[in-house]
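Descriptive structure summary
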Amino acid sequence: MKRRSWAEPWKIKMIEPIAMSTREQREAAIREAGYNTFLLRSEDVYIDLLTDSGTTAMSDRQWSALMLGDEAYAGSRSYYKLADAVHDVYGYEELIPTHQGRGAEHLLSQILIEPGDVIPGNMYFTTTRFHQEYAGGTFVDVIVDEAHVPESDYPFKGNIDLDKLRAVVNEHGADRVPYVSFETNVNMAGGQPASMANLREVYEYCRANGIYVMLDATRALETAFFIQQREAGYEDKSIAEILREICTYSDGATMSSKKDNLVNIGGFLAVRDPDLARQARSLLVAFEGLHTYGGMSGRDMEALAVGIREMVATDDHVRSRVGQVQYLGRLLDEAGVPIVHPTGGHGVFIDASKLLDHLPQDHLPAQALAAAIYLDSGVRGMERGIVSAGRDPETGKNRHPKLELVRLTIPRRVYTQSHMDVTAESVIQVAEERDTVKGLEFTYEPEQLRFFQSRFRPIPD
Ligand code: P71
């Protein structure tokens, strides 16, 4: 029987209590955290929508698999199980396990980027761009213009604009462009997918020019679902088939397994070319660990191998996951809260510059909105705007991204529909009182990835 709703294909076997707090307690907590939701203690949070990264609830099968972990330093059985799962589900022959996604980004950037190189990519992700720049490269955004327009309902806002890509290659020469960094589901744009047609076209262009295509496959599963829903010719294909096809249009991928792959820690670099794999493995032993565990314990690799197979075992898993995100998006939309359209795969992104249009971007509207929502209800979201964008390494000036957003990210298999209702009520409440939300200014700003540890205070009247 075909199910009509997106209800979950699982039931709850174990629960974790969470505490409700008073407004007074939350006032003290957010002040102490310097108005940065990253610096709150999780005990002070009621519904934690900071991230979907590593916050998944594992299945009974994954928990059982932990007991089968082979903790051998070399040649762990769990590594071979993981390599088989990655090969079967993603199709890559060579697996380099890492402690999480940024470990894989580090290795990839170090083996492929020479100082002065240019790396085109669709929008940017913070850690990805950091590692590209750290290796001496320059990231250039080649995402379609629609990605920067929150109101646009374009179905594939994660697409690469081929004209922009060609222009970058023509300007710098193909030998200065080691690879295209293709995020299959663009986090910073609001969890927006690329289309299969675009993935194919980019790969063909790159192959003709001797440029690698490296996917960020972190949320490729969610993109497979959007392709099934939105792209002609894919409606009758399974999620597993679509995901495999996505990966055929690439030479390798970095992966943060803390998302799609349903585990709390882990990641990998996967490639086709044995020579690239050899180079990555020689760095791996210096930065992560031996090539048969990277940064993971044997039990982590076991749970990950099960998670990778579980995410594609039925189409219902991803359908209910994205269904829950869309449910929250719909509640906010119906109440007139400005959000990024269409609602993406992993969270709902509130347009803070529009909601708090009395604040200029230099008064950090998204940071201020995230703090205001926490204060109202204990719901924790994340700033994705000027603070996350950081400073231009050349000029030292603040970057001014077009998107100034608060992300409410939904962990997988963790919260219920009533948690989504409570979240929506809180955001709507803050939206009604928007005039009372004050801008923020920095009191402390770290040099790298500043959003994690910056501290702020309300700008005095
Ligand atoms: C997210 C995260 C975790 C995070 C990382 C940095 C700042 C804030 C939050 C991590 C990703 C990601 C993509 C597309 C690579 C990583 C790094 N996302 N690519 O969204 O979304 O993976 O965290 O395992 O190192 O909250 P890692």
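Scroll up for the structure.
Residues numbered from 1 in each chain as written. Predicted model: local features only at pLDDT ≥ 70, side-chain atom pairs only at ≥ 80, totals over all residues. Heavy atoms only, no water.

A look at the site of the ligand
Filter applied, for reference: One heavy atom suffices: a residue is near a molecule or strand as soon as one of its heavy atoms comes within 4 Å of it. Polar contact is the term for a pair of N or O atoms within 3.5 Å; when the atoms are in protein, one must be able to donate a hydrogen and the other to accept it, and sequence-neighboring residues count only if both atoms are side-chain atoms. Methods summary: accessible areas were calculated by the Shrake-Rupley approach with a probe of 1.4 Å, and residue burial reflects only the protein chains presented. Each helix is a run of H or I in the DSSP string that is no shorter than four residues. Each strand is a run of E no shorter than two, and both are numbered from the N terminus.
In the vicinity of the ligand lie 23 residues, with Thr51, Arg102, Asp216, Ser256 and Arg407 positioned nearest. In this structure, an oxygen atom belonging to the ligand sits 2.9 Å away from a side-chain N or O atom of Gln100. Considered on its own, the ligand offers 560 Å² of accessible surface; in the complex 97% of this is hidden by protein. If you list the elements that add at least two residues to the shell around the ligand, you get α4 (101–112), α5 (126–134) and β13 (382–384).

A few points about the pairing of strand β8 (residues 212–216)
Basically, it comes down to this: Burial status follows relative accessibility: with a 1.4 Å probe on protein chains alone, a residue under 20% of its type maximum counts as buried, one over 50% as exposed, and anything between as partly exposed. Two strands form a pair only when DSSP identifies at least two bridges running between them.
Taking burial as the measure, the five residues of β8 include four buried ones, the bulk of the element. Pairing of strand β5 (residues 179–183) with β8 involves five bridges; the strand directions are parallel. Considered in β8, the bridge of Ser181 is made with Met214.

Some points on the state of the cysteines
For clarity, the threshold we go by: By convention in this document, the label disulfide applies to cysteine sulfur atom pairs within 2.5 Å.
Counted by the stated rule, this structure contains zero disulfides. Left unpaired, Cys206 is separated from the closest cysteine sulfur, that of Cys247, by 16 Å. Assessed through its relative accessible area of 0%, Cys247 is described here as buried.

Some thoughts on the nonpolar core
Short version of the rule: Among buried residues, the Ala, Val, Leu, Ile, Met, Phe, Trp, Tyr and Cys ones that are joined through side-chain atoms within 4.5 Å form a nonpolar core. Contacts are residue-level and defined by heavy atoms, with any inter-residue pair within 4.5 Å sufficient.
Formed by 62 residues in total, the largest nonpolar core has its most connected members in Leu82, Tyr90, Val202, Leu243 and Ile308. Here Val202 is in contact with Ile160, Leu162, Leu165, Val180, Phe182 and Val213, once residues within four sequence places are set aside. Core analysis: the next-biggest nonpolar cluster, separate from the first, contains 48 residues, Val325, Val337, Val379 and Val387 among them.

Things to note about the packing of aromatic side chains
The description of an aromatic ring pair rests on the distance of the ring centres and on the angle between the ring planes. Heads up, the rule is: Any two of the Phe, Tyr and Trp rings considered here, Trp counted by its six-membered ring, make a pair once their centres fall within 6.5 Å; the pair's planes then place it as stacked at under 30 degrees, edge-to-face at over 60, or tilted in between.
All chains considered together, the criterion is met by eleven aromatic pairs. A centroid spacing of 5.2 Å and a plane angle of 70 degrees characterise the contact between Tyr73 and Tyr293, whose relative ring orientation is edge-to-face. Here the residue Tyr73 occupies a position in the loop between α2 (60–66) and α3 (77–90), and Tyr293 occupies one in the loop between α10 (274–287) and α11 (298–313), the gap between them amounting to 220 residues. For Tyr73, a relative accessible area of 55% puts it in the exposed group.

Points about a nonpolar patch on the surface
Put simply, the rule is: Nonpolar side chains (Val, Leu, Ile, Met, Phe, Trp, Tyr) within 5 Å and like charges within 9 Å form the patches, drawn only from residues with over 30% relative accessible area and no salt bridge. When a carboxyl oxygen of Asp or Glu lies within 4 Å of a side-chain nitrogen of Lys or Arg, that pair is called a salt bridge.
On the surface, Trp10, Ile12 and Ile15 cluster together into a nonpolar patch covering about 330 Å² of accessible area. Relative to the assigned elements, Ile15 resides in the segment before α1 (23–32). Note on Ile15: relative accessible area 66%, which makes it exposed.

Some thoughts on the packing of α3 against helix α9 (residues 239–248)
As a reminder, the rule being used: Fitted lines through C-alpha atoms serve as axes, helices being fitted only where they are in contact, and the angles separating the N-to-C directions of these axes extend from 0 to 180 degrees. Any angle that falls under 35 degrees is termed roughly parallel, while one over 145 is termed roughly antiparallel, one within 65 to 115 roughly perpendicular, and all others oblique. For this classification, the nonpolar set comprises Ala, Val, Leu, Ile, Met, Phe, Trp, Tyr, Cys and Pro, the charged set comprises Asp, Glu, Lys and Arg, and every other residue, Gly included, is treated as polar.
Close contact between α3 and α9 brings their axes to 8 Å; oriented N to C, the two are set at 90 degrees. One element, α3, and the other, α9, form an angle in the roughly perpendicular class. When α3 is examined against α9, the residues His87, Asp88, Val89 and Tyr90 are found in contact with a partner set consisting of Leu243, Arg244 and Cys247. Across the contact of α3 with α9, the residue classes break down as four nonpolar, one polar and two charged.

A short note on the sheet that holds β13
Taken in spatial order, the three strands line up as β11-β14-β13 in an open sheet, and their pairing is antiparallel. Looking along the sheet, the strands with just one partner apiece sit at the ends: β11 (347–351) and β13. For this sheet, the mean inter-axis angle between neighbouring strands, taken without regard to orientation, is 30 degrees. As defined by bridge partners, β13 adjoins strand β14 (residues 405–409) across three bridges and the pair is classed as antiparallel. Bridge pairing links Glu383 to Val406 in β14.

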